Amino acid sequence: ERQRLERQRERLTDDLRRVTHHVERDQLTNSFSRRHIIDLLTREMARTDRTGEYFCVCLLDLDHFKALNDNHGHLTGDRILASFARRVRGELRSMDTVNRAGVQSALGRVGGEEFLVILPHTTLKGALRVAERMRQAVNERPLDGQHAVTVSIGIAEYRGSETVGGLLGRADKALYGAKRGGRNRVHCASREGSSAQVVMPDIPRNGSRGQ
């Protein structure tokens, strides 16, 4: 009887793990789902409000993705999205290993070809270096083995007691600035002043890996 109950408990635990993974993950890209990444963002904001530390978010949007979908089909588009997410996660994992705070970054798909990256314990200067490395990683070789794709990135540093909408709104305006500026670029929202103001970072193409 004890063994039967133990097996039943293990099955229930496995079922719960699968359901949790399904809810937390975007099935196509294996990134966090929109719902879960926003939940993680809310927690990070609360933690930062308590500790007085800092963190940044990056909004990433694949350039000209609609045209790529129209020209090559949705199946190809899906493969490119999955390949893009794998490449960005690889860059984030390599950077997590040098994060002195030992807190992992997070990647989530927030809609279509748009992704959100949360960078805990990262200043705006550090986030600029991270974003530039992600941009280069996407740009340096084709996705899905054959499609040259670029990404535009908008960054915002959390200002403290800011709403989720306010923080993402500033990152989105920076992303729009990157798109308007010619795409395949990194822009960041200013910490003070107008949320629409953007600054183009001056980062060497093979900059430091540190944060």
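So, a few notes on the structure that sits alongside this text. (Residues numbered from 1 in each chain as written. Predicted model: local features only at pLDDT ≥ 70, side-chain atom pairs only at ≥ 80, totals over all residues. Heavy atoms only, no water.)

Another aspect to go through is helix 2 (residues 34-51). Between its first and last C-alpha, helix 2 extends 26 Å over 18 residues, near the 26 Å set by a 1.5 Å rise per residue. Phi for glycine 52, located one or two positions after helix 2, is positive at around 75 degrees. (Helix = DSSP H or I, 4+ residues; strand = E, 2+ residues; numbered from the N terminus. Expected span 1.5 Å × (residues − 1).)

Tracing the backbone shows histidine 64 in the loop between strand 1 (55-62) and helix 3 (65-72). Linking histidine 64 and arginine 183, residues 119 residues apart in sequence, is a C-alpha distance of 9.2 Å.

Its volume calculated, the largest pocket comes out at about 230 Å³. As for the largest pocket, its lining consists of Arg25, Phe32, Arg89, Leu92, Arg93, Asp96, Gln104, Ser105, Ala106 and Leu107. Mapped by element, the contributors of at least two residues to the lining of the largest pocket are helix 4 (74-96) and strand 2 (106-111). Element by element, the count of residues in the lining of the largest pocket is highest for helix 4, at four residues. (1 Å grid on protein atoms, 1.4 Å probe; cavity = no way out; pocket = protein on both sides within 12 Å on 5 of 7 lines; lining within 4 Å. Points joined across faces, edges and corners; volume = space filled by probe spheres on them.)

Turning our attention to the packing of aromatic side chains. Per the counting criterion, the structure on display carries two aromatic pairs. Arranged with centres 5.1 Å apart and planes meeting at 55 degrees, the rings of phenylalanine 84 and phenylalanine 115 form a pair that is tilted. Here the residue phenylalanine 84 occupies a position in helix 4, and phenylalanine 115 occupies one in strand 3 (residues 114-120), the gap between them amounting to 31 residues. For the pair phenylalanine 84 and phenylalanine 115, a shared accessibility class is recorded, and that class is buried. Between arginine 25 and the ring centre of phenylalanine 32, over which it is positioned, the NZ or CZ distance is 4.3 Å. (Phe/Tyr/Trp six-rings, centres within 6.5 Å; stacked < 30°, edge-to-face > 60°. Buried < 20%, exposed > 50% of the residue type's maximum accessible area, 1.4 Å probe, protein only. Lys NZ or Arg CZ within 6 Å of the ring centre and 35° of its normal.)

Mapped onto the fold, serine 152 is located in strand 4 (residues 151-157). Given a relative accessible area of 0%, serine 152 falls into the buried group. Sequence-distant contacts of serine 152, that is, excluding residues within four places in its chain, are made with Leu59, Leu60, Asp61, Asp63, Leu175, Ala178, Lys179, Arg183, Asn184 and Arg185. (Contact = heavy atoms within 4.5 Å.)

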